[in-house]
Each structure stands twice: as structure tokens, then as C-alpha cells.
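# What the coordinates show
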Amino acid sequence: MLLSVTGELSSQEQLLEEVARNPGVIQTYLKGLVPSLLGFLLQLVAAILVLLIGTKIIKLIVKFMDKSLRRSRAEAGVVTFLCSLVKYALYFVLVMIILGQFGVTTSSVVAVLGSAGLTLGLALQGSLANFAGGVLILLLKPFVVGDYIIDGGTGREGTVSGITIFYTKLLTVDNQLVMIPNGALSNSSITNISHMEKRMIDLRISVSYEADLAAAKRVLEETVRQDEAALKEEPITIFVSDLADSSVQMGVRVWVKNEDYWNARWRITEHIKLALDANGIPIPYPQLDVTLKDGKSG
């Protein structure tokens, strides 16, 4: 090992002596680097130009595709999914073109991807599951863009604003954007609230045990029937739901249009409270009677 180190030192010393005797060696070496450096800079400039021009072209293609699909009245979810798929595919092609500027061939990339296939498959299994989930959502159509859904897996709910190749976008009532992976969404139970045209309002109203149940039922029915959102062709059901500890639970069921549900529910609840008060029908609240006994200890 000592001989090897000594040999390396002697070769370095010889190189330094050669440079000292002939300073033009460094200049010649640097001149030899200039063509290679210029070639690399030209490749880098060409790659940057290809990236800028390619990105612009991809945006124009995706925008044209989006307009064409919407003009053909394709479903909004299909439009966003296909546009996302085409965009990622075009960016992959663009990356291949840029790598080609540096001498990297497509066959080399394919060979590397093939040799690392198992590793990539394990790393991208979540993305592949999300992609497959997006395809299932578009094929089975448990919901479409514009539907209000509740995800059974996470409990998140909102209006579907878009379906991409990996995520479904939900817009909540307080204007928050929620991104749910398509794989998880396609494997969970989904409640599509806005799918049907009509929806039932189901209320529970408490009245006192001393109240006249016939009068209470009449007041409830009249109040509900007078609301403008109540569908006239559908029945209104008033019934005794339960005999609770300190009240009689009255059930109220009325059908409204889906888009009128929440406003009608809030309005009817308020009008029921006012009507019961106006007719002297008490709404009890939980109370506890305590009896004190005066006892004397012997």
C-alpha cells in the first residue's frame, strides 16, 4: 500500500513539473473544454425553449379539448378527467423530448423503468388505485359534478366541483375545497343527497303530556301545509313518535324539492314554534323534581 501511495505522489509531481515546464498545457486543456461547454449550453438553451414552448402548446391543447367536450355536452366529470389524463400524458412526452436533447433515448428510459418496474409499482400503487377509482366513478356514476355527497369513509361532505384522474374535489358549504383520493372514495359508502328530485323533511317536536294531542296535530299540520315549499301532491304525515320521560314526541314529515330542503326545514321549524306558542301548546324542557323528607335520627 505504501508503494501505491508513493507511486501516486510521484505521478502528481511529474504532472506539476510538466505544467511548470510548459504553462501552455493548461491553456490547451481549457481550450479543449470550450467546445464541450458551448455544446452543453446550447443543449440547455434548447431544452429550456422546448419546455416553454411545449408547456404553452399543452395548455392550448387541453383548453381546446375542454371547450370541444363541453360543446358536445359531455358530462362535466368526464371532461375534467379526460383533460387531466391528456395533460399528464403530454407532459410525459415533453419530458421525453427534453431528455432527448441531452442524448437520453426513449429506449433507455423504458429500460430503466422496466428494470425498476417492481419498485415503481410499489411506490405508485396509491396513485394507480386512485386512477382506477376515478375510472370506476366515471363508469358507475355514483355521483356527477354538481351533486352534494357525503363520504362515508371520512365523513366529509360537499358539492362535487371536479373529478380528476387522482382526486375528487368537494366544495363545502363554507367554501372550503376538499380533495378526496378517488381510490378511497370508490371503496367507501357514498350518500348522494342531491340525486333525487324530492326530499323528505323529518322533524321531531316535543309537546307536554298535558297538551291536547288532537289540537297539537292540527296546529302542526296547518303550519306545515301553509309553507310554500311543501309539495301539494305529496302527503303530510303527523304522528306520535315516542313517549319520552318528560314529553310526547310528535313526528312531522313533509316532502319538498331537493333544492328547497334546508331553507324549508329551517323555516318550518321556526313557524312550528311560533304556532305552538300562539295556541298555548307548551313545549317542555327536561326538569327534575326533588322531594325533601324531614327525618329525625334516633
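Residues numbered from 1 in each chain as written. Predicted model: local features only at pLDDT ≥ 70, side-chain atom pairs only at ≥ 80, totals over all residues. Heavy atoms only, no water.

## Re the overall build of the protein chain
- Each helix and strand in the protein chain was counted, giving 9 helices and 8 strands.
- In the protein chain, buried positions account for 26% of the 298 residues.
- Sequence separation of at least 24 residues holds for 64% of the intrachain contacts in the protein chain that already meet a minimum separation of 6. (Helix = DSSP H or I, 4+ residues; strand = E, 2+ residues; numbered from the N terminus. Buried < 20%, exposed > 50% of the residue type's maximum accessible area, 1.4 Å probe, protein only. Contact = heavy atoms within 4.5 Å.)

## Things to note about a nonpolar patch on the surface
- A cluster of nonpolar side chains, namely Leu-38, Leu-41, Leu-44, Val-45, Ile-48, Leu-49, Leu-52, Ile-53, Ile-57, Ile-61 and Phe-102, defines an oily patch on the protein surface of about 960 Å² accessible area.
- Here Ile-48 is to be found in helix H2 (residues 24–71).
- Overall, the relative accessible area of 43% leaves Ile-48 in the partly exposed class. (Patch = residues over 30% accessible without salt bridge, like charges linked within 9 Å, V, L, I, M, F, W, Y side chains within 5 Å. Areas by Shrake-Rupley, 256 points an atom, 1.4 Å probe, with all protein chains shown as cover. Salt bridge = Lys/Arg side-chain N within 4 Å of Asp/Glu carboxyl O.)

## What about the sheet that holds strand S2 (residues 157–163)?
- Spatially, the 5 strands line up as an open sheet ordered S4-S3-S2-S1-S5, and their pairing is antiparallel. Only two strands of the sheet have a single neighbouring strand rather than two, namely strand S4 (177–181) and strand S5 (190–192). Ignoring strand direction, the axes of neighbouring strands in this sheet form an average angle of 40°.
- Here 5 bridges tie strand S3 (residues 167–171) to S4, and the two strands are oriented antiparallel to one another. (Pairing = 2+ DSSP bridges. Axes fitted to C-alpha atoms, helices over the stretch in contact; angles between N-to-C directions.)

## Describing the packing of aromatic side chains
- Applying the stated criterion across every chain yields a total of 3 aromatic pairs.
- With centroids separated by 5.0 Å and ring planes inclined at 85°, the aromatic side chains of Tyr-261 and Trp-262 adopt a geometry described as edge-to-face.
- The class of Tyr-261 is buried, set by a relative accessible area of 6%.
- A relative accessible area of 45% means that Trp-262 is categorised as partly exposed.
- Measuring from ring centre to ring centre gives 5.8 Å for Trp-262 and Trp-266, while their planes differ by 35°; the resulting arrangement is tilted. Taken together, the positions of Trp-262 and Trp-266, both in helix H9 (residues 261–278) and 4 residues apart, correspond to about one turn of that helix. (Phe/Tyr/Trp six-rings, centres within 6.5 Å; stacked < 30°, edge-to-face > 60°.)

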